[in-house]
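Residues per chain are reported as follows:
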Amino acid sequence: MTETARQPRTTPTRRFPAPPWPLVMLVTGVALLFDVMRVFLPSLITLYGRAGETDPASMGMYAALWFVLPFAAVPAARLTSPRIVRTAGAVALVVARLGLQAADGGAPQLLLASAGVTAGLVFLYGCARTVADTWVPAGLIGGLAGASIVHLALDRVDLVWRLGPLPWFAAVALCVAFLRSVRLSPASPIPAPAAVWFAFGPMLMLAGMYCGGPAILAQDTAQHSAPFTALAVALQVAALCAAVVYAWTTSWGWTAGLFLIAGVAAAETGVQGLPALVTTVALGACAGAAGRHTAATSGSAGGRGGVAVLGGMLVFLAGAFLYYAAFDADLGFPNTLVPVAVAVPVAAVAVRGGRRRQTAPARRAPRRWGSIAVSLALLTGLLTWQSPPATKTITGNEFTLVAYNIRMGFGLGGRLDLDRVAAWAATRRPDVVLLSEVDRGWLLNGGHDDLARIARGLGMRYYFAPAADRLWGDALLTNLPVAEIGSTRLGRHGYPTGAQAQSIVLNIGDHEVGIVNTHLQEPRGQAPEVAAIARRLAANTLPPGIGVADPRPVIVAGDLNTTPSDPQMRVLEAAGLSDPLRALGDPPTSPADAPVRRIDHVLISDGLTAVAADAPRVPFSDHLPLVVRLRLD
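Residues numbered from 1 in each chain as written. Predicted model: local features only at pLDDT ≥ 70, side-chain atom pairs only at ≥ 80, totals over all residues. Heavy atoms only, no water.

Asks: Requested: an account of the overall build of the protein, with residues and values cited.
Replies: If you tally the helices and strands in the protein, you get 18 helices and 11 strands. Here the C-alpha radius of gyration of the protein, 27 Å, is about what a compact globule of 633 residues would show, namely 26 Å. Here the C-alpha coordinates of the protein stretch approximately 115 × 65 × 45 Å along the principal axes. In the protein, which comprises 633 residues, the share counted as buried stands at 57%. Considering only contacts in the protein between residues 6 or more positions apart, those separated by 24 or more positions represent 78%. Total accessible area on the protein stands at roughly 25,300 Å², and carbon and sulfur atoms take up 62% of it. Treating the 49 positive side-chain charges of the protein as one cloud and the 39 negative ones as another, the clouds have centres 19 Å apart. (Helix = DSSP H or I, 4+ residues; strand = E, 2+ residues; numbered from the N terminus. Rg over C-alpha atoms; globule rule 2.2 N^0.38 Å. Buried < 20%, exposed > 50% of the residue type's maximum accessible area, 1.4 Å probe, protein only. Contact = heavy atoms within 4.5 Å. Areas by Shrake-Rupley, 256 points an atom, 1.4 Å probe, with all protein chains shown as cover. Lys, Arg positive; Asp, Glu negative; His and termini not counted. Charge placed at Lys NZ, Arg CZ, Asp CG, Glu CD.)

Structure follows, in structure tokens:
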């Protein structure tokens, strides 16, 4: 009898489940499009035109061109196939994104960003025709949430603006994952309802305005403590994670639309914190409700989803253009109505979808999503930890002041130059920095917090004064003791952009110095108001019975949009102010690339002497900064 040979035991290989490639494709593709959009919008302002100078209609036509071109994908899909159109759009989007990483501003940046927007919309058109409805709501919201979380973790300075090998590595890795998912994602005969694709454009605008950080933090006060800021960021990240979960489970139903409109309306009326979190979560719930699979929508979306996503992006363009154009032109209605109007179609499709009877079984939230969300939130909060520096005093009677209109942080080449602004300013060892055109998170400018980033680079405390709205204005940076600080809103005098005058009293040695930091928009009407504020600061009063104090020295500085020979300067001189730069070379400050006039000023009263002053030729804005060394007499 022959003995049967024993077969060696083999341990089965543990195989991980294949990733849901359509979901990965949507998340990475939307994140790349968001990246490109954060470059396209500020490039439109700083490279195609100058804010407040270029005809808004011209900028609008240029922007519209790149949102209309993707409609060529409709006949292209008929001639080839929607999947080929999707692949072509994806490849072009990657080329544009990597090109932006290599570009050094200028016309290449503008054209690459413009082409990237078109490519991204062509890619979305192809997805609307080929991606199964199962993945669409969570994929779209996942892309917006992922891009927003990375934006927060990077201190709101995106990879595209960063130099060195690490940003390149991250950008290439994202693009490779995106292209691989595009190749491995099959075409589905059951596309998502057209409504969820149409809602993507409005959701992109709302996510850019409320989900990237600016809406959760109050911007009209002094710098927050590090724990408060970290907690606010962590809550925003947790809300973004919850939005993805609700987009997947669709558990809110039609009530999601009501919460969305309520959250946006509350945020636009000035309520800070909670409305932004509600809006973030409601966006995900609305996407889930709009993407519900029903018997009525099964197999009927087809090509309608492709046209719907392109139409929704036109809503994004129109909403963003109207909202931000109001700061340069009178629209006849408050621009705070625009985000509410943009939220209405998202809420409408959510209400309509939420009331339908769903044919597919309800999906449960992914396992351990809560622990993942908490981990992400805590990590992002720690990455953005920024403790305010301690105050310091000056022992002598001299100090250095820098006044700079930073044009939202964008240099002459259209690059975001916040770190270079801080690095340059640090070389001048300033005691006081006064900034104009400070942006704390406008979607139009990429959602960056100019002030926090520059303050981090300088190691200085900051005090923000809103002007045009709660995110755009002027700021003081100093580590000197601040005895008094406030902001007075100036009259518009027929000019649409708001202005303010930040009044400050600093302790410098044994003296107090008053400072008025402002950016005049209509100098003829606003100069008298600033003169009155300067007089009030100069009137140094003591408690009753002690006596009469000497007048307090006062500085009025900033972009006054006034030349030394203008009549408005005589108004300021009548308030006891003089222009010391006339005797120190009278350096022009505008435009920065070929300065011919000085509209930026540091005016001083009796009790102060300008020891030295210059306007360094640096390319970090369309203005040149003023650096003045002052002595207390």
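Asks: Lay out the environment of Phe178 in plain terms, naming residues and giving numbers.
Replies: Tracing the backbone shows Phe178 in helix H7 (residues 165-184). Owing to a relative accessible area of 0%, Phe178 belongs among the buried residues under this scheme. Setting aside chain neighbours within four positions, we find Phe178 in contact with Met25, Thr28, Gly29, Leu32, Ala90, Leu93, Val94 and Phe123.

Asks: Quick rundown of the sheet that holds strand S4 (residues 472-478)? Include the residues and the values.
Replies: Hydrogen bonds along the backbone pair up the strands of a sheet, which may run parallel or antiparallel. What the six strands build is an open sheet, ordered S3-S4-S2-S1-S11-S10; its pairing is mixed. Looking at strand neighbours, the two that pair on one side only are strand S3 (461-469) and strand S10 (608-614), the edges of this open sheet. The sheet shows a mean angle of 20 degrees between the axes of neighbouring strands, taken without regard to direction. For S10 and strand S11 (residues 626-632), the ladder comprises six bridges, and the chain directions are antiparallel. Of the residues in S11, the one forming a bridge with Ala610 is Leu630. Lying on the sheet, helix H16 (residues 450-458) is in contact with strand S2 (432-439), S3 and S4; it crosses S2 at an angle near 150 degrees. (Pairing = 2+ DSSP bridges. Axes fitted to C-alpha atoms, helices over the stretch in contact; angles between N-to-C directions.)

Asks: Tell me about the sheet that holds strand S8 (residues 554-559), residues and numbers included.
Replies: Across the sheet, which stays open at both edges, the five strands sit in the order S5-S6-S7-S8-S9 with mixed pairing between neighbours. Each of the sheet's edge strands pairs with one partner strand only, and the pair in question is strand S5 (482-489) and strand S9 (600-604). Across the sheet, the axes of successive neighbouring strands diverge by a mean angle of 15 degrees, strand direction being ignored. Pairing between strand S6 (residues 500-508) and strand S7 (residues 511-518): eight bridges, direction antiparallel. Each bridged residue has a counterpart across the sheet, and for Ile508 the counterpart in S7 is His511.

Asks: Please set out the nonpolar core residue by residue, giving values where relevant.
Replies: In terms of nonpolar packing, the biggest core is built from 134 residues, with Met37, Phe40, Trp197 and Leu477 touching the most fellow members. In terms of residues, this core owes the most to one element, helix H1 (residues 21-48), which gives 14 residues. The contact partners of Met37, leaving out residues within four places of it in the chain, are Pro42, Phe67, Val117, Leu204, Met313 and Phe316. Counting 29 residues, the second largest nonpolar core, distinct from the first, contains Leu480, Leu608, Val628 and Leu630. (Core = buried A, V, L, I, M, F, W, Y, C linked by side-chain atoms within 4.5 Å.)

Asks: How would you explain the packing of aromatic side chains if you had to name every residue and give the values?
Replies: For the coordinates displayed, the defined rule picks out 14 aromatic pairs. When the ring of Phe123 is compared with that of Phe178, the centres are 5.1 Å apart and the planes differ by 80 degrees; the resulting orientation is edge-to-face. Of this pair, Phe123 sits in helix H5 (residues 106-130) while Phe178 sits in helix H7, and the two are 55 residues apart along the sequence. Both residues of the pair, Phe123 and Phe178, count as buried. (Phe/Tyr/Trp six-rings, centres within 6.5 Å; stacked < 30°, edge-to-face > 60°.)

Asks: Any chance you could break down unusual backbone geometry for me, citing the residues and the numbers?
Replies: Cis rather than trans, the peptide bond between Ser590 and Pro591 has omega equal to -10 degrees. Within the secondary structure, Pro591 is located in the loop between helix H18 (567-573) and S9. The backbone phi angle of Arg407 is positive, close to 50 degrees, even though this residue is not glycine. Relative to the helices and strands, Arg407 is located in the loop between strand S1 (398-405) and helix H15 (418-427).

Asks: So what about the pattern of salt bridges? Which residues, and what values?
Replies: Under the counting rule described, the total for this entry stands at 17 salt bridges. Close ionic contact of Arg156 with Asp449 constitutes a salt bridge, the shortest N to O distance being 3.4 Å. Placement of Arg156 in the loop between helix H6 (136-153) and H7 and of Asp449 in the loop between S2 and H16 is noted, with a sequence separation of 293 residues between them. Judged by its relative accessible area of 6%, Asp449 falls in the buried class. Put simply, Glu573 and Arg570 hold a salt bridge, and the shortest N to O gap is 2.9 Å. In this pair, Glu573 and Arg570 are both assigned in helix H18, three residues apart and thus about one turn of the helix distant. Ionic contacts of the salt-bridge type, sharing partners, join the residues Asp155, Asp419, Arg453 and Arg456 into one network. (Salt bridge = Lys/Arg side-chain N within 4 Å of Asp/Glu carboxyl O.)

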